[in-house]
Amino acid sequence: MRVLGIDPGLRSTGWGVIEQANGRLAHVANGICRSGDGALAERLLSLHDQLCEIVTRHAPDAAAVEQTFVNRDGAGTLKLGQARGVAVLVPARAGMTVGEYAPNAVKKAVVGVGHADKRQIDHMVRLQFPGIEIAGPDAADALAIALCHAFHLAAGGRLAAALARAGA
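As the structure is a computational prediction, the values presented were derived from the model and not from experiment.

Peer 1: Go over helix H3 (residues 103-110), please, and point to the residues and values.
Peer 2: When H3 is considered as a whole, its buried residues turn out to be Pro103, Val106 and Val110. For H3, the angular spread of buried residues about the axis comes to 65°, placing them on one side. Of the residues one or two after H3, Gly112 is the one with positive phi, at around 105°.

Set out below in structure tokens:
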């Protein structure tokens with residue numbers, strides 16, 4: 001199963017694709033979508049087109065997006081929310097179920113503490129996938145989101161198998 005993780009942002013949206021097979025995780029690809037300057041609609045369209053190309057190229061089976069937290073300024077939060085809308089729409093339009101995780105839940109799943117900083121996330125992602133090149137902090141966050149979703153999918157699969165064995 002391939003999992004796409006997306007760390008939404010209007011200027012830069014991180015993405016990471018991992019593969020889970022036989023209980024093992026492997027890095028597939030990661031990067032950053034940059035929307036550039038210009039009108040908001042053009043920037044959102046740019047993010048949409050880039051994410052569509054990533055979905056086409058890497059053919060993920062599942063996707064996860066980080067939930068938005070409230071910034072200090074309302075206008076920034078609204079713009080981030082619009083970029084997040086694009087990040088949820090693209091995989092949903094491709095037929096994937098989209099997991100959504102709070103930033104603290106991702107950090108807890110990958111680092112072990114809910115208030116980890118970006119360096120700790122980067123470090124743990126590199127431990128999980130030794131030798132990979134990470135395109136930047138947003139891509140590291142996206143890989144962490146993909147890992148979090150993969151962990152949840154695996155746990156859900158184990159629960160379903162246990163319930164089936166129990167006849168429930």
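Continuing now.
Peer 1: Lay out the sheet that holds strand E4 (residues 62-66) with the relevant residues and their values.
Peer 2: One key point about sheets: their strands pair by backbone hydrogen bonds, in either a parallel or an antiparallel sense. The five strands lie next to each other as E3-E2-E1-E4-E5, forming an open sheet whose pairing is mixed. Edge positions in the open sheet fall to strand E3 (24-34) and strand E5 (98-101), since each of these has one partner strand only. Sheet twist, expressed as the average angle between the axes of neighbouring strands with direction ignored, equals 20°. Note that E4 and E5 share four bridges and pair parallel. Across the sheet, Ala64 pairs through a bridge with Gly99, a residue of E5. In the packing of helix H1 (residues 40-58) onto the sheet, contacts are made with strand E1 (2-7), strand E2 (12-21) and E3, and the angle to E3 comes to roughly 155°.

Peer 1: Break down the pairing of E4 for me, citing the residues and quoting the values.
Peer 2: Across the five residues that make up E4, a large majority, five, are buried. On E4, burial covers both faces: Ala62, Ala64 and Glu66 on one face and Ala63 and Val65 on the other are all buried. Summarising the sheet, E1 and E4 pair through four bridges and their orientation is parallel. Residue pairing for E4: Ile6 is matched across the bridge by Val65.

Peer 1: An account of the nonpolar core is needed here, citing residue identities and associated values.
Peer 2: With 21 residues, the main nonpolar core has Ile18, Val125 and Ile134 as its most contacted residues. Mapped by element, the contributors of at least two residues to this core are E4, H3, helix H4 (118-128) and helix H5 (137-166). The element best represented in this core is H5, accounting for nine residues. Apart from the residues within four sequence positions on either side, Val125 is in contact with Ile132, Ile134, Ala140, Leu143, Ala144 and Leu147.

Peer 1: So what about the side chain of Ser35? Which residues, and what values?
Peer 2: Within the secondary structure, Ser35 sits in the loop between E3 and H1. Within polar-contact distance, the side chain of Ser35 engages the backbone oxygen of Leu10 at 2.4 Å. For Ser35, the contacting residues outside a window of four places in its chain are Leu10, Arg11, Arg43, Ser46 and Leu47.

Peer 1: Any details on the packing of H1 against helix H2 (residues 74-93)? Residues and values, ideally.
Peer 2: Two elements in contact, H1 and H2, have axes whose closest approach is 9 Å; the angle formed by their N-to-C orientations is 30°. Between H1 and H2, the crossing angle belongs to the class labelled roughly parallel. Here H1 runs over H2; the crossing is right-handed. Facing H1, whose interface residues are Leu40, Leu44, Leu47, His48, Leu51, Cys52 and Val55, H2 presents Gln82, Ala83, Val86, Ala87, Leu89 and Val90. Split by residue class, the contact of H1 with H2 holds eleven nonpolar, two polar and no charged.

Peer 1: Describe the environment of Val98, listing the residues and the values that go with them.
Peer 2: With respect to the helices, strands and loops of the structure, Val98 is situated in strand E5. Val98 sits 14 residues away from Arg84 along the chain, and the two C-alpha atoms are 12 Å apart.

Reading guide: rules and limits
Within every chain, residues take consecutive numbers counted from 1 along the sequence as written. Where totals are concerned, whole chains, interfaces and linings use all residues; where local detail is concerned, this predicted model gives features only for residues with pLDDT of at least 70, and gives and counts side-chain atom pairs only at 80 or more. Heavy atoms throughout the structure, all of them, feed into the side-chain values; hydrogens and water do not. The cut-offs for exposure are 20% and 50% of the maximum accessible area for each residue type, with area from a 1.4 Å probe on protein chains only; residues under the lower value are buried, those over the upper are exposed, and the others partly exposed. Numbering of helices and strands starts at the N terminus; helices are DSSP runs of H or I of at least 4 residues and strands are runs of E of at least 2. The arc refers to the directions leading from the helix axis to the C-beta atoms. At least two DSSP bridges between two strands are needed for those strands to be called paired. Note on geometry: axes are C-alpha line fits, over the in-contact stretch for helices, and angles between N-to-C directions span 0 to 180 degrees. Any two residues whose heavy atoms approach within 4.5 Å at even a single point are treated as in contact. Only buried Ala, Val, Leu, Ile, Met, Phe, Trp, Tyr and Cys residues count toward a nonpolar core, and they belong to the same one when joined by side-chain atoms within 4.5 Å. Polar contacts here mean pairs of N or O atoms no more than 3.5 Å apart (in protein, one a potential hydrogen donor and the other a potential acceptor; neighbouring residues in sequence count only if both atoms are side-chain atoms). Any angle that falls under 35 degrees is termed roughly parallel, while one over 145 is termed roughly antiparallel, one within 65 to 115 roughly perpendicular, and all others oblique. What makes a crossing left-handed is the near helix being turned counterclockwise from the far one by less than a right angle; a clockwise turn instead makes it right-handed. For this classification, Asp, Glu, Lys and Arg are treated as charged, while Ala, Val, Leu, Ile, Met, Phe, Trp, Tyr, Cys and Pro are nonpolar and the rest, including Gly, are polar.

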